[in-house]
Amino acid sequence: MKPVHKTLVLRIVVVGCLLTAAAGAQIVGESAELERVLGQMDAAAKSFKTTEASVVWDQYQKVINETETQKGRIYFRREGSEVQMAADFVEPDKKYVIYSGGKLQVYQPKIDQVNEYNPGKNRGDVESFLVLGFGGGGRDLFKSYDLRFLGSEIANGVKAEKLELIPKSARWRNNVARIVLWIDPAKGISVQQQFFEPDGNYRLAKYSEIQINQKLPENAFKLKTTGKTKFVSPQG
C-alpha cells in the first residue's frame with residue numbers, strides 16, 4: 001500500500017483544489033455552445049440532491065511512467081448548504097474517502113489508519129471543487145476559471161460536451177494546471193474528468209452507472225473502522 005500524502009487531498013477532493021478568484025471570466029471559443037452547456041449544468045444544479053456512480057480513477061505519474069488504477073463507488077449529497085462526498089474503493093486495495101462536516105478522512109484498512117485533513121478557511125473552496133460537474137452550477141465556474149468549449153466526444157458510451165477549465169488563481173495552477181470535463185447534456189453532470197498537474201502527472205476519472213437523486217446507502221458517509229484504528233492528522 002502506498003502511503004497517503006497531502007497531495008491526495010488535491011487528487012481526491014481532487015478534490016481539494018479550488019479557489020475564490022474574482023468574477024469576470026474570460027470565455028474562450030464557441031461562446032454560444034459554452035453557454036448552452038453551462039445552462040444545462042445550471043438546470044441540473046437546481047434539483048440536485050444526490051449522485052451515486054461507479055468510478056475508475058487512473059493516476060498517472062510521469063517520473064516513473066506508471067499509472068495506478070483505483071475502482072469503486074462514489075457518492076455525493078447536498079443537504080442545505082452542506083456538501084458531502086464519499087468514495088468506497090475496492091481495487092487494488094480497500095480505501096475509504098469521506099468528506100463531511102468540513103473534514104476529509106482517508107481510511108486504509110490494510111494499515112488500519114485514518115488520515116484526517118481539515119481545510120480550515122479553505123472549506124468553501126474545497127466544497128465548490130467537490131461539486132465540480134456534480135450538482136455545481138455551470139455559470140458559477142466563471143468565478144474561478146477561464147473556460148473553453150472543446151466540442152462533443154464519446155465518453156463512457158455517452159455523447160458528451162467537452163469543457164476545458166483553467167484556474168484563475170496562480171496559487172492553484174501550481175497544483176492543477178487545467179481540468180477537462182465531459183458533461184452529459186441530458187443530465188447536466190460529468191461522465192468523465194481529467195485533472196492535469198504542472199509536472200505532467202494527471203488523474204482521469206470515469207463515471208458510469210450514474211444514479212441521480214436516488215436514496216443512498218445508509219452507511220455511505222460513515223467510515224468502516226475497527227476498535228484499533230489509528231487516527232492521525234498529517235501536517236505540512
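Here goes a summary of the coordinates provided. (Residues numbered from 1 in each chain as written. Predicted model: local features only at pLDDT ≥ 70, side-chain atom pairs only at ≥ 80, totals over all residues. Heavy atoms only, no water.)

## Let's talk about the packing of aromatic side chains
Heads up, the condition is: Think of it this way: a Phe, Tyr or Trp ring, Trp meaning its six-membered ring, pairs with another when their centres are within 6.5 Å, and the plane angle makes it stacked under 30 degrees, edge-to-face over 60, tilted otherwise. Secondary structure elements are defined from DSSP: runs of H or I of at least 4 residues count as helices, runs of E of at least 2 residues count as strands, and each element is numbered from the N terminus. Each residue is placed in one exposure class: buried if its accessible area under a 1.4 Å probe, protein chains only, is under 20% of its type's maximum, exposed if it is over 50%, and partly exposed if it falls in between. Two conditions define a charge located above a ring, namely a distance within 6 Å from the ring centre to NZ of Lys or CZ of Arg, and an angle within 35 degrees of the ring normal.
With the rule as written, the count across this model stands at 6 aromatic pairs. Note on phenylalanine 134 and tyrosine 207: the rings are 4.9 Å apart at their centroids and 80° apart in plane angle, and the pair reads as edge-to-face. Of this pair, phenylalanine 134 sits in the loop between helix H3 (123-130) and strand S8 (145-155) while tyrosine 207 is found in strand S12 (residues 202-212), placing the two residues 73 residues apart along the sequence. The residues phenylalanine 134 and tyrosine 207 share a single accessibility class, namely buried. Members of the aromatic cluster, each reached through a chain of ring pairs, are Tyr60, Phe196 and Tyr202. Taking NZ or CZ as reference, arginine 178 lies 4.1 Å from the ring centre of phenylalanine 196, over its face. One cation-aromatic arrangement involves arginine 203 over tryptophan 57; the distance from NZ or CZ to the ring centre is 4.9 Å.

## Thoughts on the nonpolar core
What counts here: As used in this record, nonpolar core signifies buried Ala, Val, Leu, Ile, Met, Phe, Trp, Tyr and Cys residues forming a set joined through side-chain atoms within 4.5 Å.
Counting 27 residues, the largest nonpolar core has Trp57, Ile74, Met85, Val97, Trp182 and Tyr207 as the members making the most contacts within it. Mapped by element, the contributors of at least two residues to this core are strand S2 (50-61), strand S3 (66-79), strand S4 (82-91), strand S5 (95-100), strand S6 (103-108), strand S10 (178-184), strand S11 (189-196) and S12. With 4 residues, S12 is the largest single contributor of residues to this core. By size, the runner-up hydrophobic cluster in this structure holds 17 residues, among which are Leu34, Leu38, Tyr145 and Val176.

## Topic: the pairing of S10
Quick note on the threshold: Strand pairing is assigned whenever DSSP detects at least two bridges linking the two strands.
Across the 7 residues that make up S10, a large majority, 6, are buried. Summarising the sheet, strand S9 (residues 158-167) and S10 pair through 5 bridges and their orientation is antiparallel. Each bridged residue has a counterpart across the sheet, and for leucine 163 the counterpart in S10 is leucine 181. In this structure, S10 lies alongside S11, joined through 7 bridges in antiparallel fashion. Considered in S11, the bridge of isoleucine 179 is made with phenylalanine 195.

## Focus on the pattern of salt bridges
To be explicit about the condition: Criterion for a salt bridge: a side-chain nitrogen of Lys or Arg within 4 Å of a carboxyl oxygen of Asp or Glu.
By the definition in use, this model includes 14 salt bridges. For arginine 139, the salt bridge identified is with glutamate 35, shortest N-O distance 3.1 Å. Placement of the pair is arginine 139 in the loop between H3 and S8 and glutamate 35 in helix H2 (residues 31-47), with a sequence separation of 104 residues. Through salt bridges that share partners, Glu33, Arg36 and Glu161 make up one connected network.

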